[in-house]
Amino acid sequence: MNELRLVALNGCLGYGFELESLQRGADAQPHMFGADAGSTDAGPYYLGSGSSMIRREQLKRDLSLALAQSRASRVPLVIGSAGIAGGEPNLQAAREVLIETAREQGLQFKLATIHAGIDPSAVLDALRSGGIEAMPGVPPLTEQDVRDSVRIVGQMGCEPFARALADGADVVLAGRACDTAIYAALPIARGFDPGLALHLAKIMECGAQCAVPQGTNDCLLGTLRSDHFEVRPLSHRRICTPESVAAHTLYEQGDPLMLHEPEGRVDLRAAVFEQVDAQTVRVSGSRFLPTPGLQIKLEGARSAGFRAFTLAGIRDAGIIAALDAIEATVRAAVRRNLPAEVPDADYCIDFKVYGRDAVLGPREPNRDRPGHEVGVLVEVVARTQALASHALSLARSSLLHCPFPGRKTTAGNLAFPFSPSDTAAGEVFEFSVYHLMRVADQSRLFPVDMERV
């Protein structure tokens, strides 16, 4: 095979894509359609709860179009990180939509479902044998962290996808996966250079986000050859430039000169980005560096309690200047008015002041120079929803009428955009596992189920 053509539907399945772009992708006679369907960008909630950030209607729209076109083109459709988090509930919910769509369209195909859930006992065994390494900035993993986890997934590499495709899968639906594995598995299995294949996959995983204007909600064509690859947006309204493609190579990378994947590293120091035509960029020079051993990234989530919050605006300079003192007063008032038997460890109050320091907190260099108005987000996370809502109500009422130096009126301090002002937001999750685990191979870790749909 001299070249391999891949179509990325978009940056996240459910974000949408243009029908014209999908048709142009089909006209290029691709060897595969692919879509990343998840990320940890949205936080640990979706892994812990087993729900999806993408609404079912969004997912079904994209799946129905992609499934119909891939079957008409008689090439595989490969989906990774189903349901955002890629845990078993996320995977099964996506599979249900896929099966429903197939039945409505009268389609028949061979489906491979790849599971990404990791048994906690396997993690504990690896931890005890020294096979767990923390990601940068993450504390060492403890056995209690593992036991507290509601769910743990592994971020699979290329091998499970390649195995499913080799077994004749027409559609591959995978749990949590490396973004690159979705697009790199097929070309690597067919003998293409793994450095170029992984680099191309890195560019393709966000759809047309490497184009100008950016478009995570649109399609991208990738063409891989022996010594280079090319990328081209599939909308007439977008172009790729060497700068835009090089910029996306850096996307979510801690090292600008090296891509780190389970299969090894991709050295980018000799990579060259060239404009081929008005829409297309060619990339060459990416070099694969195999690494000894195999490491899989683990992601786990545990419950952190229940959340309640309120949002209000402030436009009084005196209140804005006194917010630190007001916050301390409010915290003390909440503690005094909660039952004595409620321990401090059962709840936590957090204040975020938008327009002053909500993003960087105490590291904000302009913290002493806020604007003419700020927004205050008051959040309580507590052991129960009832306690969270109770403590928030106390905090909101105290903040609303809290005195401050120089106050001349008895009016309220806050302008609420909503009534009711308080929101009970439900259970909160936090990452409990964010570590690398050494494994011998991926075949046992990520089982593949084959079925005829």
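Everything here concerns the structure above.
Residues numbered from 1 in each chain as written. Predicted model: local features only at pLDDT ≥ 70, side-chain atom pairs only at ≥ 80, totals over all residues. Heavy atoms only, no water.

Q: Explain the overall build of the protein to me, please; I cannot follow it from the model alone.
A: Check the secondary structure of the protein and you find 13 helices and 19 strands. Summarising its shape, the C-alpha atoms of the protein cover approximately 80 × 50 × 50 Å along the three principal directions. Look at the contacts in the protein between residues 6 or more apart in sequence, and 78% of them connect residues 24 or more apart. Within the structure as shown, the protein displays about 19,900 Å² of accessible surface, and the carbon and sulfur contribution to it stands at 52%. Across the protein, the 45 positively charged side chains and the 54 negatively charged ones have centroids separated by 2 Å. (Helix = DSSP H or I, 4+ residues; strand = E, 2+ residues; numbered from the N terminus. Contact = heavy atoms within 4.5 Å. Areas by Shrake-Rupley, 256 points an atom, 1.4 Å probe, with all protein chains shown as cover. Lys, Arg positive; Asp, Glu negative; His and termini not counted. Charge placed at Lys NZ, Arg CZ, Asp CG, Glu CD.)

Q: What am I meant to see in the sheet that holds strand E11 (residues 264-267) here?
A: The pairing of strands in a sheet happens through backbone hydrogen bonds and is either parallel or antiparallel. Ordered by their spatial adjacency, three strands build an open sheet running E10-E11-E14, and the pairing between neighbours is antiparallel. This sheet does not close on itself; its edge strands, each paired only once, are strand E10 (258-261) and strand E14 (287-290). Taking each pair of neighbouring strands and ignoring which way they run, the sheet shows an average axis angle of 25 degrees. (Pairing = 2+ DSSP bridges. Axes fitted to C-alpha atoms, helices over the stretch in contact; angles between N-to-C directions.)

Q: Even after reading the chapter, I still don't get the sheet that holds strand E7 (residues 171-174), so can you show me in this structure?
A: Sheet architecture is open: ten strands sit in the order E12-E13-E9-E8-E1-E2-E3-E7-E4-E19, paired in mixed fashion. Across the chains shown, the open sheet's two edge strands, defined by having one partner strand only, are strand E12 (272-275) and strand E19 (448-452). Across this sheet, the average inter-strand angle for adjacent strands is 20 degrees, counted without regard to direction. As judged from the five bridges shared by strand E4 (residues 110-114) and E19, these two strands associate in the antiparallel manner. Following the sheet pairing, Thr-113 is matched in E19 by Asp-449. The strands that helix H8 (residues 179-189) touches are strand E1 (4-8), strand E2 (32-38), strand E3 (77-84) and strand E8 (220-224); relative to E2, the one it contacts most, it runs at about 160 degrees.

Q: Just checking my understanding: could you explain the side chain of Glu-230 for this structure?
A: With respect to the element layout, Glu-230 can be found in strand E9 (residues 229-233). Looking at Glu-230, the relative accessible area reads 12%, which means it is buried. For Glu-230, the side chain forms a polar contact with the side chain of Arg-225, separated by 3.4 Å. Once residues within four sequence positions are removed from consideration, Glu-230 is found in contact with Leu-200, Leu-221, Gly-222, Thr-223, Arg-225, Val-276, Thr-280, Val-281 and Arg-282. (Buried < 20%, exposed > 50% of the residue type's maximum accessible area, 1.4 Å probe, protein only. Polar contact = N/O pair within 3.5 Å; in protein donor to acceptor, adjacent residues only side chain to side chain.)

Q: Help me out: how do you make sense of helix H10 (residues 242-249) in this one?
A: Side chains of residues three or four places apart in an α-helix project in the same direction, reflecting 3.6 residues per turn. Of all the residues in H10, the buried ones are Pro-242, Ser-244, Val-245, His-248 and Thr-249. Where H10 is buried, its residues meet helix H9 (194-204), E9, E10, E12 and strand E13 (281-284).

Q: When you look at the environment of Ala-211 in this model, what are you seeing that I'm missing?
A: In this fold, Ala-211 is placed in the loop between H9 and E8. A relative accessible area of 3% places Ala-211 in the buried class. It is 7.1 Å that separates the C-alpha atoms of Ala-211 and Thr-241, two residues lying 30 residues apart in sequence. Among all residues touching Ala-211, those that are not within four sequence positions of it are Pro-233, Arg-238, Ile-239, Cys-240 and Ser-244.

Q: What's the story with the packing of aromatic side chains in this structure? I'm lost.
A: As enumerated under the stated definition, the model contains three aromatic pairs in all. Pairing Tyr-45 with Tyr-46 gives two aromatic rings, centres 5.2 Å apart and planes at 90 degrees, and the pair type is edge-to-face. You can call Tyr-46 buried: its relative accessible area is 17%. Through pairs of rings, three or more aromatic residues link up here, namely Tyr-45, Tyr-46 and Phe-429. (Phe/Tyr/Trp six-rings, centres within 6.5 Å; stacked < 30°, edge-to-face > 60°.)

Q: Even after reading the chapter, I still don't get the side chain of Asp-145, so can you show me in this structure?
A: Of note, Asp-145 is situated in helix H6 (residues 143-148). When its relative accessible area of 14% is taken as the criterion, Asp-145 is described as buried. Setting aside anything within four residues of it in sequence, one finds Asp-145 in contact with Pro-140, Arg-302, Ser-432 and Val-433.

Q: Just checking my understanding: could you explain the pairing of E12 for this structure?
A: On any regular strand, side chains alternate: one points to one face of the sheet, the next to the other face. Pairing geometry for E12 and E13, over four bridges, is antiparallel. Across the sheet, Gln-275 pairs through a bridge with Val-281, a residue of E13. The antiparallel hairpin formed by E12 and E13 contains five residues in its connecting segment.

Q: In this structure, what is going on with the state of the cysteines? I would like to understand it.
A: Each disulfide consists of one covalent bond between the sulfur atoms belonging to two cysteines. For the coordinates displayed, the defined rule picks out zero disulfides. Unpaired in terms of disulfides, Cys-178 finds its nearest cysteine sulfur in Cys-158, a separation of 7.9 Å. With relative accessibility at 8%, the residue Cys-178 sits in the buried group. Just so you know, Cys-240 is unpaired, no disulfide at all, and the nearest cysteine sulfur is the one on Cys-210, 3.8 Å from it. (Disulfide = S-S within 2.5 Å.)

Q: For this particular structure, what's the right way to read the packing of helix H7 (residues 158-166) against H8?
A: Packed helix pairs are specified by the crossing angle of their axes together with the interaxial distance, meaning the distance between the axes. Running from N to C, H7 and H8 point in directions that differ by 60 degrees, and their axes come no closer than 8 Å. One element, H7, and the other, H8, form an angle in the oblique class. You can see that H7 and H8 cross each other, and the crossing is right-handed. When H7 is examined against H8, the residues Cys-158, Phe-161, Ala-162 and Leu-165 are found in contact with a partner set consisting of Ala-181, Ile-182, Ala-184, Ala-185, Leu-186, Ile-188 and Ala-189. Considering only residue class, the contact of H7 with H8 consists of eleven nonpolar, no polar and no charged. (Parallel < 35°, antiparallel > 145°, perpendicular 65-115°, else oblique. Left-handed = near helix turned anticlockwise from the far one by under 90°. Nonpolar A, V, L, I, M, F, W, Y, C, P; charged D, E, K, R; others polar.)

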